[in-house]
Amino acid sequence: MGNTVSACCRLFTGLILRRQPGGLSDDRLPLLSDSRRECCVAPPGFTFPVKTESGASEERPVQGYPDIVLSSAITSNSEPKSERSPRLDSVASKTGAPDSIERDWALSDQKDGCLNSVMCPAALKRASPTSDDLPSALEEITKQVKDHGCQPVVWHVCGQSEDPDCCTDNRLCCEETPMEIADITDVGGKNIGLESSSELVSHGQECDFVQLARKGGERFKFRTEAPENHSNTESVTKGHCGHLIRDPCTLHQRPTELLMAATVDPCPECAQAVGKQVCLAPARSVDSWKGQGKLPNRGASGTPPASQPPSSSANLVTPEDNGVLSGLGLRDSLRKKRKKKRLLRSLTVGCEEAHSSDMPLVNGDAGHDHSETENHKERVDDETRVDDGNEQEVIVIQDTGFTVKMHAPGIEPFDLQVSPQEMVQEIHQVLMDREDTCHRTCFSLQLDGNVLDNFSELKSIEGLQEGSNLKVVEEPYTVREARIHVRHIRDLLKSLDPSDSYNGVDCNSLSFLSMFTEGDLGETGKRKRKGSELEQIDCTPPEHILPGSKERPLLFLQPQTKEAKPLQCLKVLTMSGWNPPPGNRKMHGDLMYLYVVTMEDRHVSITASTRGFYVNHSTAYIFNPKPANPSFLSHSLVELLSQTSPIFKKNFAALQKKRVQRHPFERIATPFQVYSWTAPMMEHAMDCVRAEDAYTSRLGYEEHIPGQTRDWNEELQTTRELPRKNLPERLLRERAIFKVHSDFAAAATRGAMAVIDGNVMAINPGEETKMQMFIWNNIFFSLGFDVRDHYKDFGGDNAAYVAPTNDLNGVRAYNAVDVEGLYTLGTVVVDYRGYRVTAQSIIPGILEREQEQSVIYGSIDFGKTVVSHTKYLELLEKTARPLKIQKHNVLSDKNDEVELCSSVECKGIIGNDSRHYILDLLRTFPPDLNFLPVEGEELPEECSKMGFPKEHRHRLSCLRQELIEAFVEHRYLVFMKLAALQLMQQKANRQEKDCAAVTENGSSCLTGAVENNKTVLEDVDPKSKEVILNAYKAVGSISNTSFDIRFNPDIFSPGVRFHDPDCEELQKQKQLLKDAAAFLVSCQIPSLIKDCVDHTVLPMDGATLAEAIHQRGINIRYLAKVVQLVSKSLARQQLDHIHKLGVTELITRSVKHIFKIYLQGVELSGLSVAISHFLNCFLSSFPNPVAHLPTDELVSKKKRNKRKPRHLGNADNTAWASMTPQELWRSIGNEAKSYFSFSIDCESVDQAVEKYGLQKISLLREICVKSGIQILLKEYNFDSRHRPTFTEEDILNIFPVVKHVNPKASDAFHFFQSGQAKVQQGFLKEGCELINEALNLFNNVYGAMHVEICACLRLLARLNYIMGDYNEALSNQQKAVLMSERALGVDHPNTIQEYMHLALYCFANGQLSTALKLLYRSRYLLLLVYGEDHPEMALLDSNIGLVLHGVMEYDLALRFLESALAINGKYHGVKSLKVALSHHLVARVYESKAEFRSALQHEKDGYTIYKNQLGDNHEKTKESSEYLKYLTQQAVALQRTMNEIYRNGSSTSILPLKFTASPMAGVLEQLNVINGILFIPLSQKDLENLKAEVQRRQQLQEAVKSVEQGETTEEKVTAPHHREKSQTTVESSTEQASA
């Protein structure tokens, strides 16, 4: 922006700031009216302790996040004290830090001076014991429990669940103990009894886990018998009055699950003894919307379910996908109404004490102001306080869920469960999405004849209670309400139409999972288990999926449904040309006119009036608004159309039934638009709403909002200014940042396309086309060309093209550091139709003054004139350490030294809003000297050996931030080694001196020895300091007191001058840059190749290869070096896939560079012809493709003397037509040589395919994805030499390729990393809980759909699977697959792997047919994306082969397993353990076929590998040996039988041979092994010993305790963690598993 703003500043301000006709704007709602109210203040599952005068309850926070308390802490911390122990301030929750092993299970109370506590066995002995450890483990547990006495009692409570599908996810239970269903008894069998069953509060959910409860001073355990898939637990306390009080805070629930937290009013006596309780009810999960058609809000522009204010515990969230909430314009009003009452209602009122200042914080200061606490207290209406001396005060929020009966016109009354914290408007939204009431939008709700205020909370409505009757009353329409109604009906009619997904509109994207699962997974319906009926399974894969097939059909990428067209209800629904109604008809109540063509081909004109809709007498040519005969007035358009058209009535009902059956993840919007590179030919239907959206500049139909556009800069900066002292504030802030950013990215993309398409007028129209700038929707757009020779010394247009991406990287880095008071611009870089457009938010006031006046820090001319500012130095100094930037002095044009803390190009501007902005961050990171030759400077030997430095086409080559981080980490290790070595040497020398100084008197000289020792220590200290100082200097640290490496980004910048270029400090800085360049080529690139050899990095396409390269700090310009090193590697065969991917990427990136310039010379009318011609030259074997220039479809009779249209490109708009394949491939070779220094030497695509082993379909996919081309979904014949492959009809669209900043959820990411660490340490339960918390926080920030949520779900599913919960694994993995398809793409490599994982869990659940379909889909996608020769294909084929073996398809299984064996042999070596396992799997299939000779041969090969690799005594070697003996016996028996038959004929009576059909359990075990999961079962003997020991010790303990007075203690040792399966699970790498 800084580079182009000087030209812009001279323009007339009125021209710039005037409103465009109608006010151009984005179509999403502004956030900033009150953004904080839209976001969740506290995620479900978090608690904050209550501060009292006497003391605070101590909550141990998650490490690094002092204000975070896990939801598990709620269970143990919020249990109230009984009569005998009224003090609550001693209760402490031990929430383990991420690296802690303890759980928060210890609840202690003081009684008669002694401490009684119950401890979770999981906290006492965390890891599941192996068979060897059992006796000692048991002893340890018993020893620790023995001293703490209390009487466990079991309660069994039965209830009913309203929604059996809403409790199926992440079970976070501390203790899972199988128990028999019985009456209420103690462990010894004594009946305790309940006063009455009515005393239990009906909680509406059922649970199947054990929890701690308390009766008086005793602890109780209860469990409700529940059907499967229920996992909600609550704690019940018995008060003095005999009432049983639910404690809703002890609900163990999924983070995103809806639970109605029902409490009862305790009597005063109970309130005194128990204390008040607070409910923290989480939001409804996406799952709980299923079957009702309800949708959570979109991730990009609405608050997700998990991030609704938790006080609204039912959270009847409106689906923004239907355009309802934004359409009604209620979000701002909702926020205003909720401001005082609902912002922090769900939090416990008191907040934790301010954290000590010495505690390190990752995000902001965690101190919490007590005045803020008081404000929070005032916001709670129903609070009651208990202030009895030392008692801890807790606030009661009466949040008892209850049911109301809804009476809507035309349907039977139905029950609806609601919460007091909801607003009336939320019930409106539910009704607008229910299948039977979805067609109503304009209605009110009445209770006993009184209209309910939409913005009232239900609890404030007098007389509303359990069983109340709410009546839906139709209200008169206004123009606005009528437009809302029509849009809503249109959305319902299009709810199953995939055209928006193919067209890349409104954040819709594709998903095909349901076509392969047929609705049989998870909660979508209980599947008929076909697993046991093998004959029903069709296992035959399509021909193109079989190993060895060369076909790569494209049609299967996007399989079309059986009914290709969705149900059509109407032919046309559009606005009539008679709109708006004339004045006289307005007086009769006419609001607007609609034109409808029914499926019966009846043309109907409809009047929308204040009373409803009716058919009028108008036709296309005659206006007659009188009602038609018979006149039928309907309040709903759907009802009117149902009367008019029988087909509409039938199809609309079927459509809505299908709509509500779809998985919610198939319907909700993605945060950022995902485009598809293929699409079928879609019919372009008439659509009034689409037409209106395309040509209107208003915010959709929000006419009540003023017409001005959104102030993007104000929104972006205000969200960054939100407070972030504690977790709720950080969540709110990150959610707001993410929402505004996703909106801004969508608006910027739309604006950039409008700019390139010529639909936006330039603010400097008199300038040359390439220099023009644009303002649209308060966003500034500039083109990627060198304006006024600004980049003349840096590479001209090439530098101008790369500068925006460098600037974006700088913005990303400064945003991540997130220094308060320092602001960056919203930045989006869009590549579209060959042009690069930079979209930026506008600094207030920058366009009203000259740039020279604006810039108070940095330089506007690359260092010739430089200025500085103390405030900027202060702010930038805070970023210098994390970004490794060194403060330095440069000379200005007046030879004055100017201090900078960034590169000179970084500009500081104070806007009219008094904010300090920095922009032009293109040189945030130091230059890459390998591509920046500097006269007189030599690079280290490592670089010069590889041919560096090289002249690049621009001089803006910078090192990546990842490389800087890796280099500093490497230097730190070097520093530690240097210091340690020298200190050890020094210590050895000192010891020698000490030995020589020992006197003969020995002990008599003790005092002298001590004095000498002091002297020695005094002598050592300076030397140690000197050693460390020398180590600092050796590694290049700028500090003498700490390790601190920083770079000077201006050190080699042309035009930048220093006071003394030859001073020692500058030389050190230069050397550091050279060392970093050497580090890249000598460490990082070899490290990448090593990881590829080890298969820890497994890229499948260009995007994943680039990601792997970037993660190691290697720029793509080094790709040729990587490919060359791979080709010279000793493990060349094992790196074959990397070589192919590298060459594919080099070719397609070179093609992209050429295509960019090629497109600039094409006018809009010739785009499809030009693109098809280019693709023919690139990929077709047809030798002479001819471009047919577009002919005018309409012949104009007038002379062609009209003004020529504006073109951004060259004057000659037909030069592209002369391109030939030979010319293009020569250009590709030249481009690869000049940009990457890689020789391709191919004259045609066929040569390249043959030389490098590439496949054309993969090349096509890569170029389409990189350039934004969308082609027709059909089969393309690339090899025909008689006709070109592509025609102009095959090019459907061209999409933008967008780069933007991805805001992160920092707290959630920390939880996720901590969970991963726990899992790697073997603490699966704790890891699972942390991942669940991460999932909850991700949902709070991102909404329901995001790539990082997908990773969370994948890991959760794996943990569920390992812990034996296969249904839960299946459910989570299904969501992960859907999310991967939607957020990444249906053919993304991550999606391929998600399909594989889902297939494994399907098999474990007995869904064999579905598992095979998913594996076949995964194999097809990998064939399309890369080809067959890939290491991942071996894993896929092994999975497919094993499943086929399990269903006795032996011939098919052999084909896949032998393919896997060949690929494993190639990529892992013929002596690897993977190959041994493959041999064993093949041998098992041959055995099942009774081909023992082949089976013996393969098993011998496997045995040889095991013996050589592991030795004779290894378990695997012994197993293989045993199996060999068995096969030999079988082979001998078979031969004897055959000989007998030959000798005596077929009449011989022979014993049948034992043919072993592989049992499913055995197949699953092998599947686990090859997928890297190894289960180590405990023996039955160990289990029996364990049970006997438990009983013996219980009896012993009873005997001991019975002697003592007053107490008896029973001990119960729970079964190991993972359900009733007594087994320890170890997740290992595949190599270890196969060993």
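Refer to the structure presented above.
Residues numbered from 1 in each chain as written. Predicted model: local features only at pLDDT ≥ 70, side-chain atom pairs only at ≥ 80, totals over all residues. Heavy atoms only, no water.

Engineer: An account of the overall build of the chain is needed here, citing residue identities and associated values.
Structural biologist: Secondary structure assignment for the chain yields 47 helices and 33 strands. Across the 1635 residues of the chain, 59% fall into the buried class. Considering only contacts within the chain whose residues lie at least 6 apart along the sequence, 73% involve residues at least 24 apart. Here the chain displays about 67900 Å² of accessible surface, and carbon together with sulfur accounts for 50% of that area. (Helix = DSSP H or I, 4+ residues; strand = E, 2+ residues; numbered from the N terminus. Buried < 20%, exposed > 50% of the residue type's maximum accessible area, 1.4 Å probe, protein only. Contact = heavy atoms within 4.5 Å. Areas by Shrake-Rupley, 256 points an atom, 1.4 Å probe, with all protein chains shown as cover.)

Engineer: Which residues make up the pattern of salt bridges, and what values go with them?
Structural biologist: For the structure on display, the rule yields 67 salt bridges. Of the charged contacts, one joins Asp-818 and Arg-720 as a salt bridge, the two residues approaching to 3.2 Å between their closest N and O atoms. Here Asp-818, found in the loop between helix H20 (797-817) and strand E21 (822-824), pairs with Arg-720, found in helix H18 (residues 712-720); they are 98 residues apart in sequence, far enough to count as distant. Judged by relative accessible area, which is 19%, Arg-720 ranks as buried. For Glu-905, the salt bridge goes to Arg-923, with nearest N and O atoms at 3.5 Å. Highlighted residues: Glu-905 in the loop between strand E26 (897-900) and strand E27 (907-910) and Arg-923 in the loop between strand E28 (916-919) and helix H23 (941-945), separated in sequence by 18 residues. As far as the burial class goes, Glu-905 and Arg-923 line up, both buried. Linked by salt bridges that have partners in common, Asp-1101, Glu-1145, Arg-1149, Arg-1261, Glu-1262, Lys-1266 and Asp-1387 make up one network. (Salt bridge = Lys/Arg side-chain N within 4 Å of Asp/Glu carboxyl O.)

Engineer: Talk me through the sheet that holds strand E18 (residues 678-679); I want residue IDs and the actual numbers.
Structural biologist: An order of E18-E29-E30 is seen for the 3 strands of this open sheet, with the pairing classed as mixed. Edge positions in the sheet fall to E18 and strand E30 (1291-1294), since each of these pairs with one other strand and no more. Alignment of strand E29 (residues 1269-1272) against E30, held across 3 bridges, turns out to be antiparallel. Paired with Gln-1270 across the strands is Asn-1293, a residue of E30. Packed onto the sheet, helix H30 (residues 1167-1179) meets E29 and E30 and runs at close to 105° relative to E30. (Pairing = 2+ DSSP bridges. Axes fitted to C-alpha atoms, helices over the stretch in contact; angles between N-to-C directions.)

Engineer: I'd love a proper account of the packing of helix H39 (residues 1408-1425) against helix H40 (residues 1431-1446), names of residues and values included.
Structural biologist: Closest axis-to-axis distance for the H39/H40 pair is 10 Å, and the angle between their directions is 155°. Relative to H40, the element H39 lies roughly antiparallel. Crossing geometry of H39 relative to H40 is assigned as left-handed. For the pair formed by H39 and H40, the contact residues are Leu-1412, Leu-1415, Tyr-1416, Ser-1418, Arg-1419, Leu-1422 and Leu-1423 on the first element and Glu-1432, Met-1433, Leu-1436, Asp-1437, Asn-1439, Ile-1440, Val-1443 and Leu-1444 on the second. Residues that form the contact of H39 with H40 fall into these classes: 10 nonpolar, 2 polar and 3 charged. (Parallel < 35°, antiparallel > 145°, perpendicular 65-115°, else oblique. Left-handed = near helix turned anticlockwise from the far one by under 90°. Nonpolar A, V, L, I, M, F, W, Y, C, P; charged D, E, K, R; others polar.)

Engineer: For unusual backbone geometry, give the residues involved together with the corresponding values.
Structural biologist: Glycine aside, residues mostly have negative phi angles, and peptide bonds mostly take the trans form. In this structure, the amide linkage connecting Asn-579 to the following residue, Pro-580, adopts the cis form with an omega of -10°. Tracing the backbone through its elements, the reader meets Pro-580 in the loop between strand E14 (570-575) and helix H14 (583-586). Looking along the chain, the bond that leaves Phe-948 and enters Pro-949 is cis, with omega of 0°. Topologically, Pro-949 is positioned in the loop between H23 and helix H24 (961-996). Its identity as a non-glycine residue notwithstanding, Asp-601 has a phi of 70°, on the positive side. On the accessibility criterion, Asp-601 (46% relative accessible area) is partly exposed.

Engineer: Could you give an account of H18, naming the residues involved and the relevant values?
Structural biologist: Burial analysis of H18 places 7 of its 9 residues in the buried class, which makes it a mostly covered element. Turning to H18, its buried residues are Trp-712, Asn-713, Glu-715, Leu-716, Gln-717, Thr-719 and Arg-720. The inward-facing, buried residues of H18 abut helix H19 (727-756), strand E20 (779-783), H20, E21, strand E23 (835-841) and E28.

Engineer: Can you tell me about the pairing of strand E11 (residues 443-447), naming the residues and giving the values?
Structural biologist: The buried count for E11 comes to 5 of 5 residues, which makes it a mostly enclosed element. With burial as the criterion, each face of E11 is covered, one bearing Phe-443, Leu-445 and Leu-447 and the other bearing Ser-444 and Gln-446. As judged from the 5 bridges shared by E11 and strand E13 (residues 469-474), these two strands associate in the antiparallel manner. Bridging from a neighbouring strand, Ser-444 pairs with Val-473 of E13. Examined bridge by bridge, E11 and strand E12 (residues 450-451) share 2 bridges and lie antiparallel to one another. Bridged to Leu-447 within E12 is Asn-450. Linking two consecutive strands that pair antiparallel, namely E11 and E12, is a turn of 2 residues; a positive phi of about 55° is found at Asp-448 within it.

Engineer: Please set out the nonpolar core residue by residue, giving values where relevant.
Structural biologist: Of all hydrophobic cores here, the largest spans 272 residues; its most connected members are Ile-1147, Phe-1178, Leu-1260, Ile-1271 and Leu-1444. One finds Cys-569, Leu-591, Met-592 and Val-604 within the second-largest nonpolar core, a separate group that totals 28 residues. (Core = buried A, V, L, I, M, F, W, Y, C linked by side-chain atoms within 4.5 Å.)

Engineer: If you had to explain the packing of helix H15 (residues 637-644) against helix H16 (residues 646-661) to someone new, which residues and values would you point to?
Structural biologist: When two helices pack together, their arrangement is given by the angle between the helix axes and by the axis-to-axis distance. At their nearest, the axes of H15 and H16 sit 5 Å apart, and the two run at 130° to each other. Judged by the inter-axis angle, H15 sits oblique to H16. Contacts between H15 and H16 involve Val-638, Leu-641, Ser-642 and Thr-644 from the former and Pro-646, Phe-648, Lys-649 and Phe-652 from the latter. Considered class by class, the residues forming the contact of H15 with H16 number 5 nonpolar, 2 polar and 1 charged.

Engineer: Describe the packing of aromatic side chains, and please don't skip the residues or the numbers.
Structural biologist: Scanning all chains against the criterion turns up 37 aromatic pairs. With 4.5 Å between their ring centres and 25° between their planes, Tyr-675 and Phe-1295 make a pair best called stacked. Remark: Phe-1295 occurs in the loop between E30 and strand E31 (1297-1300) and Tyr-675 occurs in the loop between H16 and E18; sequence separation between them is 620 residues. Exposure remark for Phe-1295: the relative accessible area of 5% places this residue in the buried category. Between the aromatic rings of Phe-975 and Phe-1043, the centroid separation amounts to 5.7 Å while the plane-to-plane angle is 35°, which identifies the pairing as tilted. Here Phe-975 is found in helix H24, whereas its partner Phe-1043 is found in the loop between helix H25 (1006-1035) and helix H26 (1064-1094), with 68 residues between them in sequence. The class for Phe-975 is buried, based on a relative accessible area of 7%. Under the relative-accessibility criterion, Phe-1043 is labelled buried at 15%. (Phe/Tyr/Trp six-rings, centres within 6.5 Å; stacked < 30°, edge-to-face > 60°.)

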